[in-house]
Amino acid sequence: MTQLNNIKAAIIDLDGTMLDTAGDFHVAVNRMRAELGLEPLAQETIVNFVGKGTENLMRRVLAVDYAEDEAEQYFKQALDSYTEHYLAINGDFSALYPGVKEGLQAMKDKGLRLACVTNKPVSFTLPLLDKKGLRGFFDVVYGGDSFPKKKPDPMPLLQVCKDFGLAPAQVVAIGDSSNDAQAARAAGCRVLNVPYGYNHGESIHDVDSDGIVQTLFEAAQQISVD
Ligand SMILES: O=C(O)COP(=O)(O)O
Ligand SMILES: [Mg+2]
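Because the structure is predicted, anything quoted here is derived from the model rather than measured.

What counts, and where the lines are drawn
Residues numbered from 1 in each chain as written. Chains lettered and ligands numbered in written order. Predicted model: local features only at pLDDT ≥ 70, side-chain atom pairs only at ≥ 80, totals over all residues. Heavy atoms only, no water. Helix = DSSP H or I, 4+ residues; strand = E, 2+ residues; numbered from the N terminus. Buried < 20%, exposed > 50% of the residue type's maximum accessible area, 1.4 Å probe, protein only. Near = heavy atom within 4 Å. Polar contact = N/O pair within 3.5 Å; in protein donor to acceptor, adjacent residues only side chain to side chain. Areas by Shrake-Rupley, 256 points an atom, 1.4 Å probe, with all protein chains shown as cover. Expected span 1.5 Å × (residues − 1). UniProt positions renumbered as here; feature names shortened; annotations may be inferred. Contact = heavy atoms within 4.5 Å. Phe/Tyr/Trp six-rings, centres within 6.5 Å; stacked < 30°, edge-to-face > 60°. Lys NZ or Arg CZ within 6 Å of the ring centre and 35° of its normal. Donors = N, O, S within 2.8 Å, 3.2 Å for Na, K, Ca; no water.

J.: I'm lost on the environment of Arg60 in this one. Help?
T.: Mapped onto the elements of the fold, Arg60 is located in helix H3 (residues 54-63). Exposure remark for Arg60: the relative accessible area of 39% places this residue in the partly exposed category. Distance in space between the C-alpha atoms of Arg60 and Arg33 is 12 Å, their sequence separation being 27 residues.

Below is the structure:
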């Protein structure tokens, strides 16, 4: 078991780490596609496009039907429609993964400060955290549109370190995808991965990290403030 010492804060990813949001993505994308006259896509297809933010998701789901220049013509219409549909169902087809609240509570009990850093837009993220009873755990919440760059860029993680007045090596990022791991490595943070989320259809075992934990509760056991 990996033991991470001298950790003072944890940065937790949202989609695929705290919440299984596959159902929300599936419903909102297919409602948007129906408006554009496109056939529905399977949930698994959509989920493999998740992880690099909403704009990337729109481009990927349009690329199923359109060539690149044609897809660009529909991009704004797709994004507006998707945003409206997502906000209308946000959280209705999503569920907490096992051990999430217990894990966050255990981290808090150890004296860790917590931040949520997701590539989801902030306008989707805050109501979703509220709805699922997670908002209160976090001192800081950043979305994919909070900064000019999102994960796998280290920018949002470095801002959290600054906010907390900590060196990156005192902070662990926990997430389900290579975006989380690459951002953490580039920032100089430690990183743990969970194996149950969305990693673009690829094995999380191929991602460079400090370890894989089955739940956030297990992650909490592996983190020490001393
Ligand atoms: O919305 C996404 O692309 C994924 O968001 P995440 O960073 O919470 O996994
Ligand atoms: Mg994720």
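That covers the picture; the talk isn't over yet.
J.: Please explain the site of ligand 1 as it appears in this structure.
T.: Ligand 1 sits among Asp13, Leu14, Asp15, Val50, Gly51, Lys52, Gly53, Thr118, Asn119, Lys120 and Lys151. At a separation of 3.3 Å, an oxygen atom of ligand 1 approaches a polar backbone atom of Lys52. Asn119 places a polar main-chain atom, nitrogen or oxygen, 2.8 Å from an oxygen atom of ligand 1. Burial of ligand 1 by the protein amounts to 96% of the accessible area it has alone, namely 280 Å².

J.: In this structure, what is going on with helix H1 (residues 22-35)? I would like to understand it.
T.: The periodicity of an α-helix, 3.6 residues per turn, causes residues three or four places apart in sequence to face the same way. Spanning 14 residues, H1 covers 20 Å between terminal C-alpha atoms, matching the ideal 20 Å at 1.5 Å per step. In terms of burial, H1 is largely enclosed, as 10 of its 14 residues are buried. Listing the buried residues of H1 in full gives Ala22, Gly23, Asp24, Phe25, Val27, Ala28, Val29, Asn30, Met32 and Arg33. Positive backbone phi, approximately 75 degrees, marks Gly37, located one or two places after H1.

J.: Hey, could you run me through the UniProt feature "binding site: Mg(2+)" (unreviewed entry) in the protein in this one?
T.: Taken from the UniProt record, the annotation "binding site: Mg(2+)" (unreviewed entry) applies to Asp13, Asp15 and Asp176. For this annotated set, covering 164 residues, all C-alpha atoms fall within 8.1 Å of each other, a compact arrangement in space. Within the secondary structure, Asp15 is located in the loop between strand E1 (9-12) and strand E2 (19-20). Filtering out sequence-adjacent residues up to four positions away, Asp15 remains in contact with Thr21, Phe25, Thr118, Lys120, Asp176 and Tyr198. A polar contact of 2.5 Å, which involves the side chain of Asp15, links it to the side chain of Thr21. One can find Asp176 in the loop between strand E6 (171-175) and helix H8 (178-187). Once you skip the residues sitting within four places of it in the chain, Asp176 turns out to touch Asp13, Asp15, Gly16, Thr17, Asn193, Val194, Gly197, Tyr198, Asn199 and Ile204.

J.: What is the right way to look at the packing of aromatic side chains in this model?
T.: Within a pair of aromatic rings, the relevant descriptors are the distance that separates the centres and the angle that separates the planes. Summed over all chains, the structure comprises seven aromatic pairs. Ring pairs connect the aromatic residues Phe25, Tyr82, Tyr86 and Phe124, which therefore count as one cluster. Between Arg59 and the ring centre of Phe75, over which it is positioned, the NZ or CZ distance is 4.1 Å.

J.: Help me understand the coordination of the magnesium ion (ligand 2) in this model?
T.: Taken together, Asp13 (OD), Asp15 (O) and Asp176 (OD) make up the protein donors of the magnesium ion (ligand 2), found 2.1 to 2.2 Å from the metal. Sequence spacing among the residues donating to the magnesium ion (ligand 2) works out to D-x1-D-x160-D. On the criterion of sequence distance, the pair formed by Asp15 in the loop between E1 and E2 and Asp176 in the loop between E6 and H8 is long-range, its members being 161 residues apart. For the pair Asp15 and Asp176, a shared accessibility class is recorded, and that class is buried.

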